[in-house]
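Take a look at the letters that make up each chain.
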Amino acid sequence: MKIVVTGGLGFIGSHTVVELQNENFEVIVIDNLSNSSIEVLDGIERITGKKPLFEQIDLRDKTAVQNFFKKYDDVSGVIHFAASKAVGESVQNPLLYYENNISSLVYILQELNKKPEANFIFSSSCTVYGQAEKMPIAESTPIQPAMSPYGNTKQIGEEIITDVTKVSNLNAILLRYFNPVGAHESNEIGELPLGVPQNLVPFITQTGVGLRKELSVYGNDYPTPDGTCVRDYIHVVDLAKAHVIAMQRLVNKTNTDKLEIFNLGTGKGSTVLEVITAFEKASGQKLPYKIVDRREGDVTEAYANTDKANNVLGWKTQLSLDDAISSAWK
Ligand code: WQD
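Each value, and the rule that gives it
- Residues numbered from 1 in each chain as written.
- Predicted model: local features only at pLDDT ≥ 70, side-chain atom pairs only at ≥ 80, totals over all residues.
- Heavy atoms only, no water.
- UniProt positions renumbered as here; feature names shortened; annotations may be inferred.
- Core = buried A, V, L, I, M, F, W, Y, C linked by side-chain atoms within 4.5 Å.
- Buried < 20%, exposed > 50% of the residue type's maximum accessible area, 1.4 Å probe, protein only.
- Helix = DSSP H or I, 4+ residues; strand = E, 2+ residues; numbered from the N terminus.
- Contact = heavy atoms within 4.5 Å.
- Near = heavy atom within 4 Å.
- Polar contact = N/O pair within 3.5 Å; in protein donor to acceptor, adjacent residues only side chain to side chain.
- Areas by Shrake-Rupley, 256 points an atom, 1.4 Å probe, with all protein chains shown as cover.
- Nonpolar A, V, L, I, M, F, W, Y, C, P; charged D, E, K, R; others polar.

- As annotated in an unreviewed UniProt entry, the chain carries the name UDP-glucose 4-epimerase and comes from Flavobacterium hydrophilum.
- Under the heading Subunit (unreviewed entry), UniProt records this for the chain: "Homodimer."
- Under the Catalytic activity (unreviewed entry) heading, UniProt states for the chain: "UDP-alpha-D-glucose = UDP-alpha-D-galactose".

Here's what the structure looks like:
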């Protein structure tokens, strides 16, 4: 069974390709290498013994998207990771985000719409909940106005897919990720951000190896146990496995709803200082850090109610924050 993975050489995409191949799916990766490296293909091959098919395509190129689906006219499903994801950059360059994250999605859906039947998984984000009133956050929690163009592209993407499923043969699952971290235990693939990392864990590991002088902790005056923000850090391998289960659910027609939404998190919140402690335990070294002002746009806390994913998908995280941080460090 052939599955297309867009952004399949990126952080979450590459781990998902590994898990799909482990479950004997035939994978075709699309990536434009804008924030990934071609060597990731070799890493995937070393882990699974199999190199996925690869097409270097920029999904903003509508003709290229059309040609791809003409060439591969027997795909069973698409997992769509390819997108830009830096919140700050999206504020500076909103049109880049709307083109890359929305136009590409529309072009893919236009091609899937031509098929008698199509299965689609979309990478969404807990960012759609903003600062939720109640923790943990269930899927029924109201969506809040987006705080950045990046966040808005995830909301709009969800709406586009919802609208399309109502009038077509598209079956879709929207997966709302909390904070994905860690790396494959083999060390063959991981998170490889270009430039200065904006996210906590890659900044910590780069500080640990001396690439960065110190970590700035954005605020310790939040109403949380130690004053720093709380997030739900999920191991990327657990996250990847959820995609395989979601795709199996779609292709096996386990469910008759045309659209389903699942939160993917551990259900447990951790503070920034707890992540630092986990890093110090994993690495056996102290992390240089200082407390600075709050970062604009940060919510105080966000962690998932995982009941729906646990009970309906039959998926549960198996790895801990310590596992995630030590694999990221390795
Ligand atoms: C985590 C915590 C920071 C860096 C963002 C996006 C979200 C999602 C993932 C996808 C926060 C603190 C961070 C640093 C720090 N989307 N921090 N010093 O903000 O929860 O989510 O990335 O791709 O849509 O908003 O993740 O890793 O940036 O921050 O103190 O140098 O670490 O304040 O509390 P966030 P993050």
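1. Regarding the nonpolar core
- One finds Leu-20, Ile-121, Leu-175 and Leu-264 to be the most contacted residues of the largest nonpolar core, which totals 36 residues.
- At the level of elements, β1 (2-6), α1 (11-22), β2 (26-31), α2 (40-48), β6 (170-177), α8 (236-251), β11 (259-264) and α10 (307-313) are the ones that each hand at least two residues to this core.
- Per-element tally for this core: the top contributor is α8, with nine residues.
- Setting aside residues up to four positions removed in sequence, Leu-175 forms contacts with Ile-121, Phe-122, Ser-123, Ser-124, Ser-125, His-243, Ala-246, Phe-262 and Leu-264.

2. A closer look at the site of the ligand
- Taken together, 19 residues are adjacent to the ligand, and Leu-200, Ser-216, Arg-231, Arg-295 and Asp-298 come closest.
- Here Arg-295 contributes a side-chain N or O atom positioned 2.9 Å from an oxygen atom of the ligand.
- In the complex, the protein chains occlude 88% of the 680 Å² of accessible area that the ligand would expose alone.
- Of the residues forming the shell around the ligand, the biggest block, four residues, is contributed by strand β8 (residues 215-218).
- In terms of residue class, the shell around the ligand is made up of nine nonpolar, six polar and four charged.

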